[in-house]
Amino acid sequence: MTTSRHPNLPLLPGYRVMNKPQENFAKSHVFDKNVKTGAREVKLDAPGIGGTLLPGQVPKQTHTTRSIMANSGIDASDSSGEHIPAFIAFDRKVLRFYGYFQEGVAETRLETQRYRKVKIYCYLEDDSMQINEFRQDNSGIPQGTRVRRHQFPKPGDTGIYYHWDDFDIGIDVEIYGVVYHIVDADEFTKNFFRKTGRQLSEPEPWPIDVWEENAAATKPRARQTTTKDPDKQALRQFILNDRKVLRFFCVWDDRNEAFGDLRQFVLQYYLSDDTIQVNEIVRGNSGYANFSTFIRRQRVPRRFVGEATSINKDQALNASDLMVGWTVNVFNRPFFLYDCDAFTKKFYRDVFGVTEFEQIELPSVELIVPTAEIPPYVGIGSDEDSMQNVRSLIPKPAKKDLPRQIAFEGVVFRYKARFLNAAAQDANRRFIFSVFPADDTIAIFEPLDRNSGTSNGKFLQRGKYKREDGSGAYILTQDVHIGDVIPMLGKQILLYDADDFTLHYKLGHRVPDQLVDLPMLAGYPVTPNVDTALRHIKRTILDTGKEVKQFANECRDVNNATCVSLQAVRRGLINSDMVPDENTFLALVDHFDHDILGICSIDEFVSVLDDVLA
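What counts and what doesn't
Residues numbered from 1 in each chain as written. Predicted model: local features only at pLDDT ≥ 70, side-chain atom pairs only at ≥ 80, totals over all residues. Heavy atoms only, no water. Core = buried A, V, L, I, M, F, W, Y, C linked by side-chain atoms within 4.5 Å. Buried < 20%, exposed > 50% of the residue type's maximum accessible area, 1.4 Å probe, protein only. Helix = DSSP H or I, 4+ residues; strand = E, 2+ residues; numbered from the N terminus. Patch = residues over 30% accessible without salt bridge, like charges linked within 9 Å, V, L, I, M, F, W, Y side chains within 5 Å. Areas by Shrake-Rupley, 256 points an atom, 1.4 Å probe, with all protein chains shown as cover. Salt bridge = Lys/Arg side-chain N within 4 Å of Asp/Glu carboxyl O. Pairing = 2+ DSSP bridges. pLDDT = per-residue confidence, 0-100. Contact = heavy atoms within 4.5 Å. Axes fitted to C-alpha atoms, helices over the stretch in contact; angles between N-to-C directions. Phe/Tyr/Trp six-rings, centres within 6.5 Å; stacked < 30°, edge-to-face > 60°. Lys NZ or Arg CZ within 6 Å of the ring centre and 35° of its normal.

S.K.: Quick rundown of the nonpolar core? Include the residues and the values.
M.R.: Ranked by internal contacts, the top residues of the largest apolar core, which has 56 residues, are Tyr415, Phe433 and Phe605. When residues of this core are assigned to their parent elements, the largest contribution, six residues, is made by helix α13 (residues 582-592).

S.K.: Can you explain a nonpolar patch on the surface? Please cite residues and give values.
M.R.: A contiguous nonpolar patch, built from Phe31, Val42 and Leu44 and spanning about 350 Å² of accessible area, is present on the exposed surface. Position of Val42 relative to the elements: it lies in strand β4 (residues 40-42).

S.K.: So what's going on with unusual backbone geometry? Residues and values would help.
M.R.: Positive phi values are uncommon outside glycine, yet Arg243 reaches one of about 65 degrees. Of the residues examined, Arg243 reaches a relative accessible area of 76% and is grouped as exposed. If you check the backbone angles, Asp274 has positive phi at about 60 degrees while not being a glycine. A relative accessible area of 9% places Asp274 in the buried class.

S.K.: Now, about the pairing of strand β9 (residues 172-175): what can you tell me, with residues and values included?
M.R.: Along β9, the buried face is formed by Val173 and Ile175; none of Asp172 and Glu174, which line the opposite face, is buried. Two strands pair when backbone bridges link them, and β9 and strand β10 (residues 178-185) are joined in this way by four bridges, in the antiparallel orientation. From the neighbouring strand, Glu174 faces β10, where its bridge partner is Val179.

S.K.: Can you explain the confidence of the model for the protein? Please cite residues and give values.
M.R.: When pLDDT is averaged across the protein, the result is 80; 82% of the residues are at 70 or more. Contacts from residues 509-525, a stretch scored under 50 in pLDDT, to residues over four places away or in other chains number 40 contacts.

S.K.: Help me get a handle on the sheet that holds strand β7 (residues 128-133), residues and values and all.
M.R.: Spatial strand order, β8-β7-β6-β5-β10-β9: six strands in an open sheet with antiparallel pairing. If you trace the sheet from one side to the other, it starts and ends with β8 (145-150) and β9, each paired once. The mean angle between the axes of side-by-side strands here comes to 30 degrees, regardless of whether they run parallel or antiparallel. The pairing of β7 with β8 spans three bridges and is classified as antiparallel. Among the inter-strand pairings, Met129 is bridged to a residue of β8, identified as His150. On the sheet, helix α3 (residues 187-195) packs against β5 (94-104) and β10 and is oriented at approximately 115 degrees with respect to β5.

S.K.: Go over the sheet that holds strand β13 (residues 275-280), please, and point to the residues and values.
M.R.: Sheet architecture is open: six strands sit in the order β14-β13-β12-β11-β16-β15, paired in antiparallel fashion. Single-partner strands in this sheet number two, and they are β14 (293-298) and β15 (327-330). With strand direction ignored, the average angle separating the axes of adjacent strands in the sheet is 30 degrees. The pairing of β13 with β14 spans three bridges and is antiparallel. Along β14, the bridge assignment pairs Ile276 with Gln298.

S.K.: Talk me through the packing of aromatic side chains; I want residue IDs and the actual numbers.
M.R.: This structure, assessed with the given rule, holds 27 aromatic pairs. Aromatic side chains Phe248 and Tyr348 sit 5.9 Å apart centroid to centroid with 75 degrees between the ring planes, which places their arrangement in the edge-to-face category. Remark: Tyr348 occurs in helix α6 (residues 342-351) and Phe248 occurs in strand β11 (residues 245-253); sequence separation between them is 100 residues. Residues Phe248 and Tyr348 agree in their burial class; the two are buried. Here Trp252 and Phe294 contribute two aromatic rings whose centre-to-centre distance is 5.9 Å and whose plane-to-plane angle is 55 degrees, an arrangement assigned as tilted. Highlighted residues: Trp252 in strand β11 and Phe294 in strand β14, separated in sequence by 42 residues. Judged by its relative accessible area of 25%, Phe294 falls in the partly exposed class. A cation sits over an aromatic face here: Lys117 above Trp206, 4.8 Å from the ring centre.

Written out as structure tokens, the structure is:
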């Protein structure tokens, strides 16, 4: 606290004034910059530093305080008993008064003055107000918010603002030079004033506005008529029966035509405009076009003669012409109605009094599914590619068996082949018949044979080929064995031997330097009959007049004189006019070639065959 003294006052007790020290030094906004123009402007109502009023300023006061709240009977305390601020207690509480102001009108004979109706809002939380004008249709006057929300100053430069306590019904209020006459208030406002101990005056009637009376008198009204207008009757029918549809299930018996079947339909009768639409119940592979709409929505004549033109309502089929069990002629097509839905039954029960609906069972007809005839193969491309043109209008490449191709990638079965019953010049020709199990394709290669007079190399391009025995079946991998005669290329091709890989693969062995553990193909013998094969081998050797040991010595391996070459044994047996037998060669490999080297001991070979009874 500081003391201050006038210089002319004596230094005596009681002549000193105690001043409270200033604690708020907030910046004054008297001379702030205008945001829009950028120039400094003087705000006469802004306080000085720390909120201190400048000379000549009148403090603003919000009259809606705790005392007013207490007098009005409104609880201004929270659950703890402490008073709450007015802006919280009166949040979203608004008083509303109704009134009008007069406006002179010139240059018209209809009116000399106009009454413009307004609503005056008083916001209790901060004593701000707002004036909104009623909106009138086609008035041509900008209406809506007339005076935006703020505190309204009273007339004159008094610095005093209007308060809700200054308003009453039947008084005139001047706001910015416009005099508003208040005629009424809403119920919340009347109850609020009643709680504060003050009763508002009785409401007054609105003044008579000549312009509003003329506008109401000249407003166009719907023309009333007592005559029957067909268009209005149709509109009434459409409005009353909109989206009401009678549905009948029917059949058209055209079994004497191209397709022998009962075609099923749904006949829909629209009550809104007496039109009919027929939709066909499409079934898969029926042979008919897959279009559900059979007859588009239109009026259907009772008798169809010649060309369909505009049909009068009296000449068209209506609800009384349709009934379950009846046959309806729709454009010369007899449709037999055998059932209807629940709504249709209710309609006929309410309108026509029909209570019993006949239960009709359709005759069971065997469905004739037409099948497309597959055209013959023309020889261009493969059969799979040609069939894609048959299955689809836009052909796609034939699907390949990808898992099979992955499993048998790099696997080739090679057989030795020759022509059976061939001409003299082709009797000595030998071939390598290669089978690819990945896709069942075949390729034939002719090895070089000097001075034979034939060209060596590729004899047959790799591809899929059919047997020329009249069956038309493709040559498959599981059908190719040693000893088979393959009819193809106009000749009979005999497979009389196979390489070691093919023999071991068919026996389920692992082949060195090749893919291992590949799946077996169905149809291959895995466990050959060894006893039968050994007897066949010994009988073939004895038929040549040789002993088993002599035959074994002739089939010695070139790299090991103590071993027999199984490939030489197979070649010797074939040269001894033995009929090639895959079971025999598989047994030979399976019994003697334990190490998968293609050789076995001469002593073992002779010992085994000597113990076999020929």
